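Examination of the molecular architecture
Chain by chain, the residues:
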Amino acid sequence: MSVELIPINKAMHLKTKIKASNSFDHVKNQHLTSLCIHEISQAASYYPVVFIKDSGADELRLVAALGLQAGENLFYQTGTWHESYIPVNVLRYPFGAIGSNQEEKGFTVCIDKNSKLINESVGHALFDENGGESEYLTSMVKYLTDVITKEILTKKFIEELVELNLLKSNAFTLTTVTGEKHKIDGVYTVDEEKLKNLTDEQVLSFHKRGFFSTIYSHLTSLAQFNRLVTIKSKLDAINRNSDKKIITH
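Residues numbered from 1 in each chain as written. Predicted model: local features only at pLDDT ≥ 70, side-chain atom pairs only at ≥ 80, totals over all residues. Heavy atoms only, no water.

Right, let's talk about helix α7 (residues 211-221) for a bit. Along an α-helix, residues three or four apart share an orientation, since each turn contains 3.6 residues. The buried fraction of α7 amounts to 8 of the 11 residues, a majority that puts the element mostly inside the structure. Residues of α7 that are buried include every one of Phe-211, Phe-212, Thr-214, Ile-215, Ser-217, His-218, Leu-219 and Ser-221, and no others. (Buried < 20%, exposed > 50% of the residue type's maximum accessible area, 1.4 Å probe, protein only. Helix = DSSP H or I, 4+ residues; strand = E, 2+ residues; numbered from the N terminus.)

What follows is the structure, encoded as structure tokens:
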């Protein structure tokens, strides 16, 4: 089911409620999810963090890899997210924003019209009995404003890396215990050699803005591709054993 964001408005959503849920079915077939630079240090402990070219746009975005192939999320199985850190882009669902690329004040709060969490009987109301914005909606707008501010800073961070020619195209070939090979291409990583050639002024600027810790968290996270292989190998083994049991019976 595709995500279709529509603006929240009182006329359409006066009785709308958002059901509280720990389910993340909306990303169960999603192998990538966007990240902000502020969460890289946490995300890097669990996921490979890379840059990819956005489809339909000639620009890069920062993402966490959740699987080794399209349609595969190795971290969300049997209705449960199997890591303690869940990316913000996953958590904010079913809320989103339109028109938030350039400034945090120029966006419209939206919800996914196809979300199973939307109903009129159970959950957090978007509007109160008097038709005013509920405390829940107010808190979500505040939360999204903070997220969008960080997304804008992330966009500027990426633009600066591109301007300084610090990103390089990369590819990884990963092999599971059964010998199955997965080629990960179309990704970009920071070029460590070019990073060493920054001027003293650029180094100081990066240091003051915390860019180096962000960059090295990204580079360290690349080892998590091996972790994806381990997780996939374990899941494949479980599936093979399940098939054998079915055949036996």
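Moving on: the confidence of the model for the chain. In the predicted model, the chain carries a mean pLDDT of 90, and the fraction of residues at 70 or more is 93%. Within the chain, α7 carries the highest mean pLDDT (97), whereas helix α8 (residues 224-248) carries the lowest (74). Contacts from residues 244-249, a stretch scored under 50 in pLDDT, to residues over four places away or in other chains number 0 contacts. (pLDDT = per-residue confidence, 0-100. Contact = heavy atoms within 4.5 Å.)

Before going further, it helps to spend a moment on the sheet that holds strand β8 (residues 95-98). The 3 strands lie next to each other as β1-β9-β8, forming an open sheet whose pairing is antiparallel. This sheet does not close on itself; its edge strands, each paired only once, are β1 (5-7) and β8. Taking each pair of neighbouring strands and ignoring which way they run, the sheet shows an average axis angle of 45°. Summarising the sheet, β1 and strand β9 (residues 108-112) pair through 3 bridges and their orientation is antiparallel. Looking at β9, one finds that Leu-5 is bridged to Asp-112. Of the strands in this sheet, β8 and β9 are in contact with helix α4 (residues 135-163), which crosses β8 at around 60°. (Pairing = 2+ DSSP bridges. Axes fitted to C-alpha atoms, helices over the stretch in contact; angles between N-to-C directions.)

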